[in-house]
Amino acid sequence: MSKEFHSALVSPTGVWWKPVHSQEKRWITISFIWCMVLFAMMPLWHFKGGQNPTGVRARVDPADFAERTERFNKEFQVGTEKGMPVVAPPPGADVYLLARMWSWSSVLKLKKDTEYMLHLSSADVNHGFSLFPINVNIQIVPGYDYGLKITPNEAGEFRIICNEFCGVGHHIMVGKVIVEE
Amino acid sequence: MSETVQSLAKRFRTCTVTGIKIHRSAEQLIKVNAVVAIVCFLIGVLAAIGLLLTRWQAVHYLSVVMYYRFLTAHGLNMLIFFIIFFEMAVLYFAGPVMLGSRLPAPRAGWLAFILMVVGAIMTNVMVFTGQADVLFTSYPPLKAAHWYYLGIILFAVGALIVCVLFFLSLHVAKKEKTYEGSVPLVTFGGLTAAIIAVITLLHGAIIYIPTWLWSLDIMPMDPQLYRLIWWGLGHSSQQINVAAMVAVWYLLAGLTVGGVVLNEKMSRTAFVLYILFISMASAHHLLVDPGMGSAWKIWNTSYAMYLAVLASMIHGFTVPAGIELGQRLRGFTNGTFEWLRKAPWGDPGFSGLVLSVIIFGFMGGITGVTLGTEQINIMAHNTLRIPGHFHVTVVGGTALAFMAVTYYLIPLIFQKRVALWGLVKYQPYLFAAGISLMAMAMTFQGVFGVPRRHWDINAADSPFPVEFHPVVNLLQAIMAIAGILAAIAVLLYIISAVLSVFFGKPLTAEAINEKASGIPQGVLQLPNQSHNSSMVARLHKTGTPGTVVLVFIFLACFVVYYFVNWKLLTFLWKIG
Ligand code: HEM
Ligand SMILES: [Cu+2]
């Protein structure tokens, strides 16, 4: 606090580079420590936590990715549902899921407590991968392959909602994931 | 020192009575920019009502095409046009008017204004004729008509000119010695906003010019690169809003209760921190994007170890503490909170200020830092938690502060009394309640996985319809009704501002003497403070105990909210 009080509308004259009042100083110190905690949590979670968006990321030609997805679908297809291939990849497999206006390339059938490498990309515009009701949300950008290791922790039926605006059909772009025991 | 406050306020008054106008062109530019800002605000608010009634799926009012068109219009007119036009007015105020200097090159100011208006009209025409259904982020490869991008470019060039004029007017004021010492803190805050605006607009040029060329099929555009640089614009512009809002907080604190600056050094350092870390702001929009690695994400989303957050926490202390000290100087020294109880709560300038600080800090700040954490963002990206967050920063914070300061600009600049005064006294309360409740309802829906920007979350026409938890229906109704209350508050504000400016009773010396209605108490009666040495010595000893209590409550909320979110994260599938 300066000796004389003035409002923020006034031009301060003389030297205003003055020591800070102890109360304010204490608050700033505590705030600074809190900011360091906020900062430390993110790297820490990479070592201790199970949810990180790091992944394996690469540029990819949309046509190449589409071809890989098709090969993947053919290799592990176990049925069809509503005209879509139902695909059951083996544990640890690379899983390819292609988003396009306005559908997902397959219905995935996964096993609980099993790790897969899920590759996401788009054939046209930006899309969003939102796993419902778990609430895992990943951005999908055309020209980029986003590979994420995922491990389902419960059995059941899940939805994949597109949560990045992708045109007038955006709201019908819903897919499905089945997780079995 | 309080005489200086008084003389400053008197200068505005002398203007009224004697007609001395040293900054007439600046005043006129303030007027036109503010008026256009309010027109954009009106378009945005009308669109918002349509959006609310659509997202409330029991009503589901707009068709799918119209919903996205209104969403584009709302984002653009609110976040870009309304806010930036208003900030141009703030810059003319914080520069020439505050420093009592002339505005150099007023013609350039008019040119800038025309460019901005033409740009805004062009863009809006494209949106409303259905040639730009791309939402205001316009992520390629979604493509709008090329006029859309050109409109934004013109608008940005205009805004850039205003920033340059602001720098020039500071230079002129210094050279012509219209003030002594350093510029006032409010002007310093305006300067911060203007510097950030230049950085922001450069990002804008780097991205919009190539995108415009891309829309003309002249060059390619990488979607990820676009997202990176577009958010260099999109988020940095939020930092303009924060800096301008904090400047308005300091201004209103001084005008309403004679709030003081605790320590010039600290407040100014905090503003500088905003400038230093601004271009990193893009990152927290890209935390779950494929283009960038974790080290980049962590470093940038934290704005270099949260030093910009530190800056906000400093202002979050100094603004309420300045109000507290101002009030204590007026004699409200009993207990911890007499200064707060005896504050002018019926003055919309004051209530708007306090509500803006509370909403921005408690709700906006805490949610923002939490959602912008690399891993927590996995649970939040593109869900309704995101609009739930920014409607309590840029709307409950910035827009509310701007509305509050309007109640002072009307008498001080437009020299009119505020119309509908009896209703307007409640306007900040109605708006604050509506927007906070709407944002909370959005946030909770987001927790249930409800996406933002979505016409039909139940996906009735898709192969796999989605069944949300039944409570989501209730939350949708709360969101819509609370949002409509906030919209009504905005309409009240707009009607009052238009009536005051175009049909208002003039602010005359007699009106002031008679304490006529429609004059905020800070204009009516200058804060009557005693600055004798015993008072000053006493305040040095007590400091601001009330503020200390408040900020520690804030910190406790922050810590709890932050760690609850980490806990929630552990329930997700393993992902990495
Ligand atoms: C009474 C005031 C307001 C209400 C009721 C309101 C309501 C809404 C609603 C319902 C949405 C749609 C969310 C969705 O469906 O995804 C929305 C989006 C948005 N609002 Fe507001 N809003 C208000 C004021 C403002 C203001 C003042 C600003 C900016 C300064 C603003 C900025 C935005 C932005 C940027 C979006 C996102 C658009 C997008 O996703 O493309 N809003 N608002
Ligand atoms: Cu989509």
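What you see is a predicted model; the values in this text were computed from it and never measured. (Residues numbered from 1 in each chain as written. Chains lettered and ligands numbered in written order. Predicted model: local features only at pLDDT ≥ 70, side-chain atom pairs only at ≥ 80, totals over all residues. Heavy atoms only, no water.)

A. Representation of the coordination of the iron atom of ligand 1. All names here are of chain B. Within the protein, the iron atom of ligand 1 binds to His74 (NE2) and His391 (NE2); these donor distances fall in the range 2.0 Å. Considering all six donor atoms around the iron atom of ligand 1, the spread of angles at the metal, 85 to 179°, places the coordination shape in the octahedral class. With His74 in helix H3 (residues 64-99) and His391 in helix H14 (residues 385-412), this residue pair connects regions lying 317 residues apart in the sequence. For His74, a relative accessible area of 13% gives the class buried. (Donors = N, O, S within 2.8 Å, 3.2 Å for Na, K, Ca; no water. Tetrahedral: all angles 85-135°; square planar, octahedral: opposite > 155°, others 65-115°. Helix = DSSP H or I, 4+ residues; strand = E, 2+ residues; numbered from the N terminus. Buried < 20%, exposed > 50% of the residue type's maximum accessible area, 1.4 Å probe, protein only.)

B. Expanded view of the pattern of salt bridges. A full pass over the atoms with the stated rule returns 16 salt bridges over all chains. In this structure, Arg102 of chain B engages Glu176 of chain B in a salt bridge whose closest nitrogen and oxygen atoms are separated by 2.9 Å. Of this pair, Arg102 of chain B sits in the loop between H3 and helix H4 (106-128) while Glu176 of chain B is found in the loop between helix H5 (146-175) and helix H6 (185-215), placing the two residues 74 residues apart along the sequence. Judged by relative accessible area, which is 41%, Arg102 of chain B ranks as partly exposed. Residue class for Glu176 of chain B comes out partly exposed when judged on its relative accessible area of 38%. When salt bridges with common partners are traced through the structure, they connect Glu81, Glu157, Arg159 and Lys176 of chain A into a single cluster. (Salt bridge = Lys/Arg side-chain N within 4 Å of Asp/Glu carboxyl O.)

C. Spotlight on the packing of aromatic side chains. Residue and element names in this part refer to chain B. Taken as a whole and judged by the stated rule, the model has 39 aromatic pairs over all chains. Ring geometry for Phe81 versus Phe155: centroids 4.9 Å apart, planes at 65°, classification edge-to-face. With Phe81 in helix H3 and Phe155 in helix H5, the pair connects residues that are 74 residues apart, well separated along the chain. Each member of the pair Phe81 and Phe155 is classed as buried. (Phe/Tyr/Trp six-rings, centres within 6.5 Å; stacked < 30°, edge-to-face > 60°.)

D. How the structure looks around unusual backbone geometry. A cis amide bond links Phe132 of chain A with the next residue in sequence, Pro133 of chain A, at an omega value of 0°. Along the polypeptide, Pro133 of chain A turns up in the loop between strand S8 (127-132) and strand S9 (136-140). The phi dihedral of Lys82 of chain A is positive, around 50°, even though this residue is not glycine. Within the secondary structure, Lys82 of chain A is located in the loop between strand S2 (77-81) and strand S3 (84-87). By relative accessible area, which is 58% here, Lys82 of chain A ends up exposed. In this model, Leu135 of chain B sits at a positive phi of 60°, which is unusual for a non-glycine residue. Inspection of the secondary structure puts Leu135 of chain B in the loop between H4 and H5.

E. Up close: the interface of chain B and chain A. If you look at the interface, chain B gives 119 residues, while chain A gives 89 residues. A combined buried area of about 9,500 Å² lies between chain B and chain A, and 69% of that area is made up of carbon and sulfur atoms. Viewed at the interface, chain A and chain B are joined by three salt bridges. When the shortest N-O distance is used, the salt bridge between Arg453 of chain B and Glu164 of chain A registers 3.3 Å. (Contact = heavy atoms within 4.5 Å. Buried area = accessible area lost by both parts, 1.4 Å probe.)

F. Examining the coordination of the copper ion (ligand 2) more closely. All names here are of chain A. The coordination sphere of the copper ion (ligand 2) contains the protein donors His127 (ND1), Cys162 (SG), Cys166 (SG) and Met173 (SD), at a distance range of 2.1 to 2.5 Å. Note on Cys166: relative accessible area 0%, which makes it buried. A relative accessible area of 0% means that Met173 is categorised as buried.

G. Quick peek at the domain arrangement of chain A. Domain assignment breaks chain A into domain 1 (18-52) and domain 2 (56-180). Here the C-alpha centroids of domain 1 of chain A and domain 2 of chain A sit 37 Å apart. (Domains from an automatic or database assignment.)

H. A look at the packing of H6 of chain B against helix H8 (residues 236-257) of chain B. Residue and element names in this part refer to chain B. One can describe the packing of H6 onto H8 by two numbers: an axis separation of 8 Å at closest approach and a directional angle of 170°. With respect to H8, the axis of H6 lies roughly antiparallel. Every residue of H8 that contacts H6 at Leu185, Val186, Gly189, Gly190, Thr192, Ala193, Ile196, Ala197, Thr200 and His203 is listed here: Ser236, Ser237, Gln239, Ile240, Ala243, Ala244, Ala247, Tyr250 and Leu251. Considering only residue class, the contact of H6 with H8 consists of eleven nonpolar, eight polar and no charged. (Axes fitted to C-alpha atoms, helices over the stretch in contact; angles between N-to-C directions. Parallel < 35°, antiparallel > 145°, perpendicular 65-115°, else oblique. Nonpolar A, V, L, I, M, F, W, Y, C, P; charged D, E, K, R; others polar.)

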